[in-house]
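Coordinate analysis (summary)
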There are 2 protein chains.
Amino acid sequence: MSRRHGDRWLVPPGTAVDLAKHDPRDTSGAPGGERATRKAADELAEPMAELQERLYAESAQSLLIVLQALDAGGKDGTIKHVFRGLNPQGVHVTSFKQPTPHDLAHDFLWRVHGAAPDRGLIGIFNRSHYEDVLVARVRRLVPEPVWRARYRHINDFEVLLAQDARTRIVKIYLHISRDEQAERLRRRLERPDKRWKFNPGDLEERARWDDYLAAYEEALARTSTGDAPWFVVPADHKWFRDWAVSRIVVEALEDMDPQYPEPAADLDGLTVT
Amino acid sequence: MSRRHGDRWLVPPGTAVDLAKHDPRDTSGAPGGERATRKAADELAEPMAELQERLYAESAQSLLIVLQALDAGGKDGTIKHVFRGLNPQGVHVTSFKQPTPHDLAHDFLWRVHGAAPDRGLIGIFNRSHYEDVLVARVRRLVPEPVWRARYRHINDFEVLLAQDARTRIVKIYLHISRDEQAERLRRRLERPDKRWKFNPGDLEERARWDDYLAAYEEALARTSTGDAPWFVVPADHKWFRDWAVSRIVVEALEDMDPQYPEPAADLDGLTVT
């Protein structure tokens, strides 16, 4: 691959981010319309599974995928559709919910550090330490100097994982429109198998849409780094989102280029009797 | 389903186990030959995924699958083939390796308890606390009175999970023959993409085959209980093994009968604007 697809959605380190300029319905770069793109996404499951197997066997590096989005932005759906073909032994999903009192008795990265992927694994964060510069900022859970200092703490932490643990970090913001969010929340209200996902608090959060977008813009700009880049994936169309995320993940794995290791000991001359 | 397939492989609580009477090449009960049975196993992926989604949504019960086998018995392969279709967000695989010094500073169930599945999840143990009455016995890592007392500790622990956490426990011993193990170990020596799995220590363990079988027989007999039954699955034929394990898992989930929950709050009259 000469140029990576994923670069299309990359936030170049050190640049400002204006989400109004990112169209959530954009599908450019897709291999075709909905049907062809779904097929292309499905076809990425096999190379992804094969690269995962090598990563697991190699047991020297790990991949961490951070998924962030507003409510109903598609984090759960992305995990379900993109990562379902993987060997569950090599994947570990962590969903970060309200911190517990024990979490809050520590710095904000403490619980996150504990969930860092083991060597050989793919770790997926469904929400993450980024909530601590998003919801914490919008809902004023901590004073501004505290959340502002966290950009640096986050960057330092991610450098540690990347350099000391050989963790490849890929951070994806699923970008949906305000209309699409309304549509999805309505569907949750209507469908019996979706109602359990509806949380009346989501409406309060929706009322703070602009505040969240501003918080995302600053977070993306300040923490997209060479060691841990952000990607803004247009996510109104689920089929496009699944394909784009699959591409980003497969390209990251290709770039990591995991190899089956040599056996630990010299096996020549051994026979099984 | 009037009678469950899984009952065929169940170790009835309170009965002795003679593994010589269980043919590792047995395929009785299968829906057909290799081809038809593979197809039947594949077709179980969909109901399994649907039941998993309900289990996750319900978030009231959990399922724990304990996989035990001798080396090359097919634990990794079973996880890869049977559970690959699940949403990785709802599955958590724990591979128990050599205990760390920190593990050993506690009782043998301490590290296992920490890996018990969260409500709503399917937990899979690749090896488990049973190693503490298997390898610990065969390699004399602890005195006999210590490992002997563990049958009771294990039963008590599993009752706790089953009754207090509503964890359904399904324990599966993958039963292979001595010849099949030799075949598989030879393949690991020969194939470049399998050599990393070969551990010269496996040959030492193989030499203790009879001791391991005796240890398994006693463990299965003493710890197959109503709350946490053991199944002995003939595992020389991988296609049969995958189908049998899929059946046992789907039947357990059907029996748990998870339901989409009512939403936390009264949603009537709410509109999304």
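Throughout what follows, the structure given in this document is the object of discussion. (Residues numbered from 1 in each chain as written. Chains lettered and ligands numbered in written order. Predicted model: local features only at pLDDT ≥ 70, side-chain atom pairs only at ≥ 80, totals over all residues. Heavy atoms only, no water.)

**Digging into the environment of Leu 253 of chain A**
All names here are of chain A. Mapped onto the fold, Leu 253 is located in helix H11 (residues 238-256). Remark: the alpha-carbon pair of Leu 253 and Gly 114, spanning 139 residues in sequence, is separated by 23 Å. Ignoring anything within four residues of it in the chain, the contact list for Leu 253 reads Met 48, Leu 51, Leu 55, Leu 63, Ile 122 and Pro 258. (Helix = DSSP H or I, 4+ residues; strand = E, 2+ residues; numbered from the N terminus. Contact = heavy atoms within 4.5 Å.)

**Observations regarding the relation of the copies chain B and chain A**
Applying a rotation about an axis and a shift along it to one chain copy brings it onto the other copy. Overlaying chain B on chain A yields an RMSD of 0.0 Å, the required transformation being a rotation through 180° with an accompanying axial translation of 0.0 Å. What the superposition gives is, in effect, a two-fold axis relating one chain to the other. Both copies share a contact surface, since 100% of the interface residues of chain B are interface residues in chain A too. (Least-squares fit on C-alpha atoms with pLDDT ≥ 70 in both.)

**Quick word on H11 of chain A**
Residues and elements named next belong to chain A. The end-to-end C-alpha separation of H11 is 27 Å, in line with the 27 Å expected for 19 residues at 1.5 Å each. Where burial is concerned, most of H11 is hidden: 16 out of the 19 residues are buried. Backbone geometry just after H11 places Asp 257 at a positive phi near 50°. (Expected span 1.5 Å × (residues − 1). Buried < 20%, exposed > 50% of the residue type's maximum accessible area, 1.4 Å probe, protein only.)

**Considering helix H2 (residues 45-58) of chain B**
Residue and element names in this part refer to chain B. Across its 14 residues, H2 extends 20 Å between first and last C-alpha, which sits within 8% of the 20 Å expected from 1.5 Å per residue. Taken together, the buried positions of H2 are Met 48, Ala 49, Leu 51, Gln 52, Leu 55, Ala 57 and Glu 58. Buried positions along H2 lie against helix H3 (75-83), strand E2 (91-95), strand E3 (122-126) and helix H11 (238-256).

**Description of the packing of aromatic side chains**
For the structure on display, the rule yields 18 aromatic pairs over all chains. Look at Tyr 56 of chain A and Trp 196 of chain B: their rings are 6.5 Å apart centre to centre, the planes differ by 75°, and that puts the pair in the edge-to-face class. A residue pair is termed interchain when its members come from two chains, as with Tyr 56 of chain A in helix H2 (residues 45-58) and Trp 196 of chain B in the loop between helix H8 (178-190) and helix H9 (201-207). Seen from their ring centres, Phe 96 of chain A and Phe 125 of chain A are 5.0 Å apart, and the 80° between their planes marks the pair as edge-to-face. Of this pair, Phe 96 of chain A sits in the loop between strand E2 (91-95) and helix H4 (101-104) while Phe 125 of chain A sits in strand E3 (residues 122-126), placing them 29 residues apart in sequence. (Phe/Tyr/Trp six-rings, centres within 6.5 Å; stacked < 30°, edge-to-face > 60°.)

**Notes on the interface of chain B and chain A**
Across the contact, 43 residues belong to chain B and 43 residues belong to chain A. When the two sides are added together, the surface that chain B and chain A hide from each other amounts to roughly 3,700 Å², 61% of it contributed by carbon and sulfur. Among the residues of chain B in contact with chain A, Gln 89, Trp 196 and Val 272 of chain B are the three that bury the most area, contributing 20% of the side total. Across the chain B-chain A interface, the total number found is 4 salt bridges. Here Glu 53 of chain A ties to Lys 80 of chain B by a salt bridge, and the two come within 2.6 Å at their closest N and O atoms. For the side of chain B that touches chain A, the secondary-structure elements that each account for two or more residues are H2, H3, E2, H8 and H9 of chain B. The element contributing the most residues to the side of chain B that touches chain A is H8 of chain B, with 5 residues. (Buried area = accessible area lost by both parts, 1.4 Å probe. Salt bridge = Lys/Arg side-chain N within 4 Å of Asp/Glu carboxyl O.)

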